[in-house]
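Observations on chain architecture
Residues per chain are reported as follows:
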Amino acid sequence: MHDGPMAELLTDEELTSALDHLPLWRREGSTIVRSVELASFPQAIQAVNRVAEIAENDDHHPDIDIRWRTLTFVLSTHSAGGLTAKDTALATEIDAVIDAVHP
Ligand code: H2B
């Protein structure tokens with residue numbers, strides 16, 4: 001499937017500047033990662049469900065690690081082999097979900 005210009009890998013400069021607006025995310029190799037501890041397991045699952053709905057709508061899916069009430073999201077664009085604007089956009093959406101679910 002052709003993904004269009006959104007699937008272009010970000011340059012180092014573009015990534016650095018995008019991460020200025022995503023202070024809770026860290027670069028890890030060719031991914032960006034955020035861990036967050038929610039108040040409870042049900043809240044963590046609620047956050048996962050909301051992120052899952054967004055991911056499915058956008059056809060862009062994070063790797064998600066669930067450990068009781070701590071979630072770790074790992075983003076990259078598999079088809080591009082690294083980070084694209086799809087990942088920084090999804091990171092922004094995940095931050096909004098966490099803000100909405102967090103007490
Ligand atoms: N998610 C992520 N993170 N990277 C991808 O390359 C990707 C995806 N590709 N979700 C999508 C699904 C692709 O497999 C479908 C066919 O569009």
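Here's what I pulled together on the structure shown here. (Residues numbered from 1 in each chain as written. Predicted model: local features only at pLDDT ≥ 70, side-chain atom pairs only at ≥ 80, totals over all residues.)

1. Observations regarding the overall build of the protein
For clarity, the threshold we go by: In this text, helices come from DSSP runs of H or I with a minimum length of four residues, and strands from runs of E with a minimum of two, each type numbered from the N-terminal end. Between the two quantities, the radius of gyration covers C-alpha atoms and the globule rule is 2.2 Å times the number of residues to the power 0.38.
When you go through the protein residue by residue, the secondary structure sums to three helices and four strands. When the helices and strands of the protein are listed from N to C terminus, the series reads α-β-β-α-β-β-α. For the protein, whose C-alpha radius of gyration is 13 Å, the value lies close to the compact-globule estimate of 13 Å for 103 residues. Each principal axis of the C-alpha distribution contributes one length, and for the protein these read about 40 × 30 × 20 Å.

2. Notes on the site of the ligand
The test is simple: Whether a residue is near a molecule or strand depends on its C-beta atom, placed from the backbone, lying within 6 Å of it. In this count, Pro and Cys sit with the nonpolar residues alongside Ala, Val, Leu, Ile, Met, Phe, Trp and Tyr, while Asp, Glu, Lys and Arg are called charged and the others, Gly among them, polar.
Not every one of the seven residues close to the ligand is listed here, only the nearest: Asp59, His60, His61, His78 and Ser79. In terms of residue class, the shell around the ligand is built from one nonpolar, five polar and one charged.

3. Digging into the environment of Val51
This is how the line gets drawn: Here, residue contact means that the backbone-derived C-beta atoms of the two residues sit within 7 Å.
Mapped onto the fold, Val51 is located in helix 2 (residues 41–58). Among all residues touching Val51, those that are not within four sequence positions of it are Pro62, Ile94 and Val97.

4. Section: the nonpolar core
Side chains of nonpolar character tend, in soluble globular proteins, to be buried together. Let me state the cut-off plainly: In this description, a nonpolar core means buried residues of the types Ala, Val, Leu, Ile, Met, Phe, Trp, Tyr and Cys, linked to one another by C-beta atoms lying within 7 Å. Any residue with 12 or fewer other C-beta atoms within 10 Å of its own C-beta is exposed, any with 20 or more is buried, and the rest are partly exposed; the C-beta atoms used are placed from the backbone.
The biggest cluster of nonpolar side chains holds 17 residues, and the ones touching the most others in it are Ile32, Leu38, Ala47, Leu71, Leu75, Ala91 and Ile94. If you list the elements that add at least two residues to this core, you get helix 2, strand 4 (70–75) and helix 3 (85–101). Here this core gets five residues from one element, more than from any other, and that element is helix 3. Among all residues touching Ala91, those that are not within four sequence positions of it are Leu22, Trp25, Ile32, Arg34 and Leu75.

5. Section: the pairing of strand 2 (residues 31–37)
Note the threshold: Only when DSSP finds a minimum of two bridges between them are two strands counted as paired.
When strand 1 (residues 26–28) meets strand 2, the two strands line up antiparallel, connected through three bridges. Of the residues in strand 2, the one forming a bridge with Arg26 is Val33. Between strand 1 and the antiparallel strand that follows it, strand 2, lie two residues; Gly29 among them carries a positive phi value of about 60°. Note: strand 2 against strand 4, six bridges, orientation antiparallel. Bridging across to strand 4, Val33 finds its partner in Val74.

6. So, the packing of helix 2 against helix 3
We apply this condition: Axes here refer to lines fitted to C-alpha atoms; in helices the fit is confined to the stretch in contact. Angles between the N-to-C directions go from 0 to 180 degrees. Reported orientations rely on four angle classes, namely roughly parallel under 35 degrees, roughly antiparallel over 145, roughly perpendicular from 65 to 115, and oblique for the rest. A clockwise turn of the near helix away from the far one marks a right-handed crossing, whereas an anticlockwise turn of less than a right angle marks a left-handed crossing.
Between helix 2 and helix 3, the least distance of the axes is 10 Å, while the angle of their chain directions is 150°. Between helix 2 and helix 3, the angle is such that the two are roughly antiparallel. The chirality of how helix 2 crosses helix 3 is right-handed. In contact with Gln43, Gln46, Ala47, Arg50, Val51, Ile54 and Asp58 of helix 2, helix 3 contributes Leu90, Glu93, Ile94, Val97, Ile98 and Val101. Looking at the contact of helix 2 with helix 3 residue by residue, the classes come out as eight nonpolar, two polar and three charged.

7. Considering helix 2
Note the cut-off: Multiply 1.5 Å by the residue count of a helix minus one, and that product is the helix's expected span. As used here, the arc is the angular range of directions from the helix axis to the C-beta atoms.
Between its first and last C-alpha, helix 2 extends 26 Å over 18 residues, near the 26 Å set by a 1.5 Å rise per residue. Within helix 2, burial applies to Ala44, Ala47 and Val51. Around the axis of helix 2, the buried residues are gathered within 60° of arc, so they sit on the same side. Away from its buried face by more than 90 degrees, helix 2 exposes Pro42, Asn49, Glu53, Glu56 and Asn57. Check the buried side of helix 2 and you find it contacts strand 3 (63–67), strand 4 and helix 3. A positive phi of about 50° marks Asp59, the residue just after helix 2.

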